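Examining the three-dimensional arrangement
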Amino acid sequence: MRKVWPLRLKKWLANMCGIVGYTGKDEALPFLIDGLMTLEYRGYDSAGVALLGEKGKIEQIKCKGRVAALAELCKKFDTTPTTGIAHTRWATHGEPSDTNAHPHADCFGTLSVVHNGIIENYQELRAELEAAGHNFKSTTDTEVIAHLVEENLKREAKGDLLLALQLATSRMVGSWAIAVIKVDAPHELYVARSGSPLVLATTDTGAYAASDVTALAGITSHVINLEDGQLAHLSYDATRAKGEQARIEVFESDGALVKKPDTFDIDWDASAATMGGYPDFMAKEIAEQPEAIRRLLKDRLTKEGIRLDELNISPKEIAAIDRIYIVACGTSYHVGLIARTLIETWAKIPVVVEQASEFNYEEVLVTQHTLCVIITQSGETADTLASARKMHAAGAKVLAITNVIGSSAAREADAVVYVQAGPEVSVASTKAYTAQMVASVLLALFLAEKTGMMGPREVENKFEELQRVPDLIEEVLTRAWQDEAATPAFTDAQSALFLGRSFGATTAAEGALKLKEISYLHAEAYPAGEMKHGPIALIDNGFPVVVVCPDDHVRYKTISNIEEVKARGATVITLATDNDQKIAQLSDYLLLVPPAPEYYTPIIGVVHLQMLARFVALARGCDIDKPRNLAKSVTVE
Ligand code: G6P
C-alpha cells in the first residue's frame, strides 16, 4: 500500500556548539582546551571555560573569538583546578560577544553551565525567573538553564543538583546537551541530553564528557552514549578503590538509575586528528584521499561478489525495492547526485535525490519497499537526521553512509556503511566526499548485482577499475602545480562560473561550493547546456569559467560550451583528460586528469577542484580550515 507522508514533522532543532567537561586527578584545563580545539568544527565565534577549584570558587574565563584566543587568556589564570567545563559557540540566540559566550552562571556564581542546543521556550522561562528576582547578564537562551537550576535548588530539589537539573529539563522545550558544575561539589560534573549529542567516558584518572568522540581521541576507546532524556553524574574520588576512582552514573529523566548504559568502542588512530606536517588540515585531508579509498575498498570483492554486509538487507528485500530516496546536505548532497546516476544506470532502480532541508517539508511517496539512504560525513546534520526520522516514521528502511563512528545517523539508521576516511577536521569536506562517492559506487554495484542487472564478470571489472582510482588520484595530486598556476584567473575576480554536463555537472557544483566556502569568491555552477538560458549574460573579458570536460560521452557537447564562453572573452580553466589537443587549444589553463572510466572521473577530477579552491583561498589570504560563518557540522535546521 502506497502511503503519502504528510507534512507533519517534529522539529529537531539544535544549535551547534561543542561542549566538554572533566573531573579527575589531573588539571582540567589542558583537556578542556584540546577538546574544544577538536570540537571547533561545530562553531568558533566565541569560547569559554569554567574551572572549579578546591577553594569553592568557580572561575569563568570566556571571550569572543576562537579557542586559541581563549587558550591565550587562560594563561593569565591559575589553572590548577581538576574539574571544569568548556564551550565553543556558533551563535543562534544572542550575538557573539564576551558576555554571551558560555559558560553561564546563576545569580551568585555558585554554578556554571555550558549548553549545546536551543531552549525554544527560553523567553517564557526567563520572564518567569526574572519575576522571581533572578538577574540575567546575557541575551542567550542558555542562561535560563543556570537560573532554572538555581531556582530548583532553592525549592523542590533542596540542594540536590541532579534533581534540580532533572526538574529544569522537565520545564525546557527544545534540545540540549548540558554540563553543570557547582561550587560545593569540587569533584563532580552533572550532564543531561536531549536532541544534541553527548558522550561520556572514564579512565583511571578522570571522568569526561564531550559533544563528540573526537574530543576523546587518545584518551579512551570505550565510550558511553548518553541517550535522549538521560542525565548523568560524573565524579572522581581518590579514596575509592583503584579503577573505581572515576565514576559515571546514568539516570533516566525520572531519576531511575540506568543499570546498563549504552556503550560503544572506537577504533582510534590518534595521529589522524593532527596536522602531521601539512600547512593546514585541508591540505592533509586532500592528500589522504588515496589511502582512505584503499581502506574502504579492502576486502570488498569476494567470490560471492561485492561484500557490503553492513547493509543488512536480504536479496528478497533488494528485489522488492521500488524507489530509493537519497537525502543529504552540502557536499554530501553532491555525492547523492552521483549515486543516483550510478544506481539508476547499473541497478535500474528509480532514485530521488533531495536536499534534506527541502525534503523535510515536502510530501514523499513511501511504501514498505522504499529505501532511504542518508549521506552525512558528520552523522550529525540536523536536517539530514530529521529526514531519516521522517522516513523511518513513514515505514522506510534507512541506510546511513557516514564517516563518524557512533554518530547520531549511525545509531539511528537500520544499517550503516562507514566510509572510514578518518577524522575530517577542515570545514570544507574533501576526503569524506570522495570516500562517500566510493561507498556509493559499492552500493550501486551491490544493488546491480543482487537485482541481476549486472553480471558477475562486469561487477568484477568495474571493481577492478575502481581499485585503480587511488593511484589515479595520486597522479592528480602530483599535478597540484596546475591548480596553483590557474590561481591568478581568480584572485581579482568578483565571481566565477563552473560548467559541466552529466557527471561533470556535479563535479562543477562541488568545485563551485569548495571555492565559495573557503575563498569567499562567489561561484555559480550550472549544467553547461543550460548556461545559454541565463548565466552566459555574466560573461565578459577575463570572467573565470571552470569547465569540467573530461573524455566522456558529452565531451563534444561541452566543448561547444567552451567555445561559447571563450568567444565572449572568458578566461577558461578546463578540467580535461590528458592529451586532449582540442581542449588545450581552447583553454587558458588546463587541469589534467589521467584517462579513466567516465563513471569514476568525478572521484578523480574533483581533487583538482579541491586544490584549486585551496590555492585561490590562500592567494586571497583566507583561513583555509575555518572559513567565516561556516561550521563543519550543522546541527541547526
Ligand atoms: C556543512 C559543512 C559541509 C558539509 C555539510 C553537510 O555545511 O560545512 O562541508 O558538506 O555541512 O554535512 P554532513 O556532515 O551531513 O555531510
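Report on the accompanying structure. (Residues numbered from 1 in each chain as written. Predicted model: local features only at pLDDT ≥ 70, side-chain atom pairs only at ≥ 80, totals over all residues. Heavy atoms only, no water.)

1. So, the packing of aromatic side chains
Using the following cut-off: Centre distance within 6.5 Å is the pairing criterion for rings of Phe, Tyr and Trp, where only the six-membered ring of Trp is used; planes under 30 degrees apart are then read as stacked, over 60 as edge-to-face, and the remainder as tilted. Strands are runs of DSSP state E lasting at least 2 residues, helices are runs of H or I lasting at least 4, and numbering of each runs from the N terminus. Whether a residue is buried, partly exposed or exposed follows from its accessible area with a 1.4 Å probe, protein chains only, as a fraction of its type maximum: under 20%, in between, or over 50%, in that order. Any Lys NZ or Arg CZ that is within 6 Å of a ring centre and within 35 degrees of that ring's normal is treated as a charge sitting over the ring.
What the rule picks out here adds up to six aromatic pairs. Both rings, one in phenylalanine 31 and one in tyrosine 208, keep their centres 4.8 Å apart while their planes meet at 80°; by these two values the pair is edge-to-face. Linking phenylalanine 31 in helix α1 (residues 28-39) with tyrosine 208 in strand β11 (residues 206-210), this pair joins segments that are 177 residues apart in sequence. Among the residues examined, tyrosine 208 registers a relative accessible area of 7% and is labelled buried. An aromatic cluster of at least three residues, connected via ring pairs, comprises Tyr22, Phe31 and Tyr208. The ring of tyrosine 520 carries arginine 628 above its face, with NZ or CZ at 3.9 Å from the centroid.

2. Looking at the site of the ligand
Quick reminder of the rule: Proximity criterion: a residue is near a molecule or strand once any of its heavy atoms comes within 4 Å of it. Polar contact is defined as a pair of N or O atoms within 3.5 Å, subject to the rule that within protein one atom must be able to donate a hydrogen and the other to accept it, and that residues adjacent in sequence are counted only when both atoms are side-chain atoms. What sets the accessible areas is the Shrake-Rupley method with a 1.4 Å probe; for residues, cover comes only from the shown protein chains.
Contacts to the ligand come from 14 residues, most closely from Ser332, Thr376, Gln377, Ser378 and Thr381. For the ligand, an oxygen atom lies 2.6 Å from a polar atom in the side chain of serine 332. Take valine 427: an N or O atom from its main chain is 3.2 Å from an oxygen atom of the ligand. Contact with the protein chains covers 91% of the free accessible surface of the ligand, which is 380 Å².

3. Section: the pattern of salt bridges
Oppositely charged side chains are able to pair whenever their charged atoms sit close together. Rules: A side-chain nitrogen of Lys or Arg and a carboxyl oxygen of Asp or Glu constitute a salt bridge if their distance falls within 4 Å.
Per the stated rule, a full pass over the model turns up 31 salt bridges. For glutamate 151, the salt bridge is made with arginine 155, and the minimal N-O distance between the two is 2.4 Å. Of the residues examined, glutamate 151 reaches a relative accessible area of 10% and is grouped as buried. Across the pair arginine 300 and glutamate 310 runs a salt bridge whose closest N-O atoms are separated by 2.8 Å. A residue pair is termed long-range when its members are at least 10 positions apart, and arginine 300 in the loop between α7 (289-297) and β16 (301-302) and glutamate 310 in the loop between β17 (305-306) and α8 (315-320) qualify at ten residues.

4. Digging into the pairing of strand β28 (residues 589-593)
Each regular strand carries side chains that alternate between the two faces of the sheet. Worth spelling out the cut-off: Two strands qualify as a pair provided that DSSP identifies no fewer than 2 bridges between them. The path from the first strand over the helix to the second decides the hand: if it runs clockwise while the strands point away from the viewer, the crossover is right-handed.
Pairing of strand β27 (residues 571-577) with β28 involves five bridges; the strand directions are parallel. Pairing of threonine 577 across the sheet is with valine 593, part of β28. Considered for its hand, the β-α-β crossover made up of β27, helix α20 (residues 581-586) and β28 is right-handed.

Read these as layout, nothing more, since geometry by itself doesn't imply function.
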